[in-house]
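Architecture and fold: a report
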Amino acid sequence: MPSVVGLLEQRELATRRRVDELREEADRIQAELAVAEQEWKEWATARSRVGEVLAPVDGTGQGHAQAARAAPAAEGQAEKTSSAPGAAKPKSPVPVWREGLAWTVLSVDYQRIVRALADRVRLGQGSATCQEMAVLFGMDVVPARVETLRSKAKRLVARGWLAEQQPGRFTLALGVAGPGRSATTGAWDSSMI
């Protein structure tokens, strides 16, 4: 008959081995996570760069995004001005939507929501929940992130940019046009697709 101390040592050894295996697996997962996060950042940067390249060009030959970064600095001027009028700054308030108002007046987070929903409309996928948007944006689908998206989507609904036809399902409001979409007819310009 084995001793009690011998049995305890066997169980301790088995548990220690399991802990070591789990630590190795956690290290492997952390390494994979770091690689995936870096790849995600690279794709986001690529998408941003393509957006800058495809942005409409103003009279100076610069895209609006380039013009906003190259704002002139004049002596005695209290505030720098941008050649992209209405370009939003981070944390800026959401304006009420009106005919002819471009997405660029929205801050980046709001533009991302509107762009994602415009893509869903263009692809015939219909409305989206905040959980679906969180997955689309590569965010953790945790209550804090989802509620942040929901708050922003509700603000866009209140300002006329989005519609909530069913509770928790958001889509573009009637009349809101995305790039390549006619504001009057809502039809997609096939040259932009």
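Since the structure is predicted, the reported quantities are computational estimates derived from the model, not experimental observations. Counting restarts for each chain, with residues numbered from 1 along the sequence as it is written. In view of the model being predicted, local features appear only for residues whose pLDDT reaches at least 70, and side-chain atom pairs are presented and counted only at 80 or more, with totals across whole chains, interfaces and linings using the full set of residues. To obtain the side-chain values, all non-hydrogen atoms of the structure were included, while hydrogens and water were left out.

1. A word on the pairing of strand 1 (residues 162–166)
The rule for pairing is simple: two strands pair if DSSP sees at least two bridges between them. Each helix corresponds to a stretch of at least 4 residues labelled H or I by DSSP, and each strand to a stretch of at least 2 residues labelled E; elements are numbered beginning at the N terminus. One ladder, built from three bridges, connects strand 1 with strand 2 (residues 169–172); its direction is antiparallel. When the bridges of strand 2 are listed, Leu-162 appears paired with Leu-172. Between strand 1 and strand 2, which pair antiparallel and follow one another directly, the connecting turn spans two residues, one of which, Gly-168, has a positive phi of 85°.

2. Here's the deal with the packing of aromatic side chains
Put simply, two rings from Phe, Tyr or Trp (the six-membered ring, in Trp's case) pair if the centres are within 6.5 Å, and we call them stacked under 30 degrees between planes, edge-to-face over 60, tilted for the rest. The full count for this structure, using the stated rule, is zero aromatic pairs. The aromatic ring of Phe-137 is capped on one face by Arg-112, whose charged end is 4.3 Å from the ring centroid. When the ring centre of Tyr-110 is taken as origin, the NZ or CZ atom of Lys-152, which lies over that ring, is 5.9 Å away. Placement of a positive charge over a ring is assigned whenever Lys NZ or Arg CZ falls within 6 Å of the ring centre and within 35 degrees of the normal to the ring plane.

3. Considerations on the confidence of the model for the chain
Looking at the chain as a whole, the pLDDT averages 77, with 72% of positions reaching at least 70. The quantity called pLDDT is the predictor's confidence in a given residue, expressed from 0 to 100. Any two residues whose heavy atoms approach within 4.5 Å are treated as being in contact. Here residues 67–87 is modelled with pLDDT under 50, and outside its nearest four sequence neighbours on either side it reaches 19 contacts, counting other chains as well. With pLDDT under 50 throughout, residues 179–193 is counted as low confidence; its partners more than four residues away or in other chains account for 22 contacts.

4. Side note on helix 3 (residues 108–122)
In a helix, the anticipated span is given by 1.5 Å times the number of residues less one. Its 15 residues give helix 3 an end-to-end C-alpha distance of 20 Å, which sits within 8% of 21 Å, the value for a rise of 1.5 Å per residue. Every buried residue belonging to helix 3 is among Tyr-110, Gln-111, Ile-113, Val-114, Ala-116, Leu-117, Ala-118 and Arg-120, and all of these are buried. Residues of helix 3 that are buried in the fold lie against helix 4 (130–136), helix 5 (143–158), strand 1 and strand 2. Phi for Gly-124, located one or two positions after helix 3, is positive at around 75°. The rule is simple: take the accessible area with a 1.4 Å probe, protein chains only, and divide by the maximum for that residue type; under 20% is buried, over 50% is exposed, in between is partly exposed.

5. What to know about the packing of helix 3 against helix 5
Axes here refer to lines fitted to C-alpha atoms; in helices the fit is confined to the stretch in contact. Angles between the N-to-C directions go from 0 to 180 degrees. Where helix 3 contacts helix 5, the axes come no closer than 10 Å and their chain directions differ by 80°. The angle between helix 3 and helix 5 falls in the class roughly perpendicular. Packed against helix 3, whose contacting residues are Asp-109, Tyr-110, Ile-113 and Val-114, the element helix 5 presents Leu-149, Lys-152, Ala-153, Arg-155 and Leu-156 at the interface. Between 65 and 115 degrees an angle is taken as roughly perpendicular, under 35 as roughly parallel, over 145 as roughly antiparallel, and anywhere else as oblique.

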